[in-house]
Amino acid sequence: MLKDLFSLLTIIALLSSSCSKSDEEENGDEPQPTKQTAYFGVILSGAEFGNVYPGVDGTHYGYPTEKDLDYFKAKGLYLVRFPFRWERIQPTMNGELNATELAKMKKFVKAAEDRNIQILLDMHNFGRYCVYCDGQSSQNNQYAIIGNARCTVDNFCDVWKKLAKEFKDYKNIWGYDIMNEPYEMLASTPWVNIAQACINAIRTIDTKTTIIVSGDEFSSARRWKECSDNLKTLTDPSNNLIFQAHIYFDSDSSGNYNKGYDEDGATVQTGVARLKPFVDWLKENNKRGFVGEYGIPDTDERGAGKHRPEIRRLQPCADGEPVRAVWAGQRLQPRRRHDQLHVLQRQRHLHALRHGQPGALRQRHPLRRPRGVTHGKEKVCAFSRARSRRSTAASR
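A brief look at the structure comes next.

Calculation criteria
Residues numbered from 1 in each chain as written. Predicted model: local features only at pLDDT ≥ 70, side-chain atom pairs only at ≥ 80, totals over all residues. Heavy atoms only, no water. Helix = DSSP H or I, 4+ residues; strand = E, 2+ residues; numbered from the N terminus. Buried < 20%, exposed > 50% of the residue type's maximum accessible area, 1.4 Å probe, protein only. Contact = heavy atoms within 4.5 Å. Areas by Shrake-Rupley, 256 points an atom, 1.4 Å probe, with all protein chains shown as cover. Pairing = 2+ DSSP bridges. Expected span 1.5 Å × (residues − 1). Polar contact = N/O pair within 3.5 Å; in protein donor to acceptor, adjacent residues only side chain to side chain.

## What to know about the overall build of the chain
At step 1: Looking only at helices and strands, the chain features 11 helices and 11 strands.
At step 2: In the chain, which comprises 396 residues, the proportion classed as buried is 62%.
At step 3: Residue pairs in contact within the chain that sit at least 24 positions apart in sequence constitute 80% of those at least 6 positions apart.
At step 4: When the accessible surface of the chain is totalled, it reaches about 15,000 Å², and 48% of it is carbon and sulfur.

## Quick look at the pairing of strand E10 (residues 289-293)
Every regular strand shows the same layout, with side chains that alternate between the two sheet faces.
At step 1: Across the 5 residues that make up E10, a large majority, 5, are buried.
At step 2: Note: strand E9 (residues 241-246) against E10, 4 bridges, orientation parallel. By the bridge assignment, Phe-243 is partnered in E10 with Gly-289.

## Overview of the environment of Gly-46
At step 1: Checked against the element boundaries, Gly-46 lands in the loop between strand E2 (41-44) and helix H1 (66-74).
At step 2: Separated by 17 residues in the primary sequence, Gly-46 and Tyr-63 place their C-alpha atoms 5.5 Å from one another.

## Notes on the environment of Met-123
At step 1: Of note, Met-123 is situated in strand E4 (residues 118-123).
At step 2: C-alpha separation for the pair Met-123 and Asp-177, spaced 54 residues apart in sequence, amounts to 6.3 Å.
At step 3: Once you skip the residues sitting within four places of it in the chain, Met-123 turns out to touch Phe-84, Trp-86, Phe-156, Val-159, Trp-160, Leu-163, Asp-177, Ile-178, Met-179 and Asn-180.

## Here's the deal with helix H3 (residues 99-114)
At step 1: In a regular helix each residue adds 1.5 Å, so 16 residues correspond to 22 Å; H3 covers 22 Å between its end C-alpha atoms and thus fits that length.
At step 2: Where H3 begins, one side-chain oxygen reaches toward the backbone nitrogen of Thr-100, 2.9 Å away; that side chain belongs to Asn-98.
At step 3: Following H3 by one or two positions, Asn-116 adopts a phi angle in the positive range, close to 60 degrees.

## Structural notes on unusual backbone geometry
At step 1: The linkage connecting Tyr-53 with the following residue, Pro-54, adopts the cis geometry, with an omega of 5 degrees.
At step 2: Within the secondary structure, Pro-54 is located in the loop between E2 and H1.
At step 3: The residue Asn-94 is not glycine, and still its phi comes out positive at about 70 degrees.
At step 4: Structurally, Asn-94 is set in the loop between helix H2 (86-89) and H3.

## Some words on the environment of Glu-181
At step 1: Tracing the backbone shows Glu-181 in the loop between strand E7 (173-177) and helix H5 (191-203).
At step 2: The spacing of Glu-181 and Asp-216 is 35 residues in sequence and 6.7 Å in space, taken between C-alpha atoms.
At step 3: A distance of 2.6 Å separates the side chain of Glu-181 from the side chain of His-246, its partner in a polar contact.

Shown next, in the form of structure tokens:
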């Protein structure tokens, strides 16, 4: 997502051993979560921001820090969804990975590893690659959809093979989130075909790490059966896939919350109803899944109350049913982050009590966006056939 620097991710996940590369690590006398246990985590955005490529670190984009990891670990959040942009890590398709950006990514992953925090590497590209940027602004950006002659499926597989080679030996890579929110993909090259090719490519390098496959059309939970039913045909030689859906509660499901709850007509059952098609699909097909993003506005305190039924709806899915991993991510707004964090802190604390996990909740400290960081929307261009993702009605 492109709104704010920090996003919360609530994970309610009981994973089988096939989802794990490593056993539980000890940290003094305090029990630590492992990949097999329930997680609550955070999406630390920043490295994907700017829409200016390559951009200037600290001006157009920025990486999360060790202080961010310490803060959220103190809140009992032990997994980070770590978004990045393909254009920055591989400035030339099929070329070598950018050594500077790779070093920054590895520094963050290692800092997380030292803290027993799991990392989900999230390519935040929406099924596209920016094939032209003037390096100053995003006004004239041109994007090619994967499957286009200027951005082939082989190009996509190449970057993930190289990323897998670089990160497969870390002990805290929870999964490869191969593409965030693909949408309006080419009819000649549907997302399901691209995802299968990428799975096959990664498995030539790394046979252990979980691969996360986002749903088509913005990963809509609400429209999952309509848009993403064909993902049930995906196969993995390692039998280690997890499917990702996103959900928002405003009237157009965009997550912008331009209206208030009353005008949007949101109720305590809105999230439950929009999540149901995804959860039902997982059960019907014996698949594992997670809700990688959800969000509530920071302008209406009723959002917290309206949000809790959805979290409770996820809970049974993590307690022995076929859906063994269900996550939910919540965007943090810059003005009143603590109000939204409180919702997840409460759920994290209750879940910790149920499962005997560490869940101490401490006072927050301020988290700051890198000075001067800006971000914008991806521009419609001749290569992408894309319209603004924020104008897409009922996208999730």
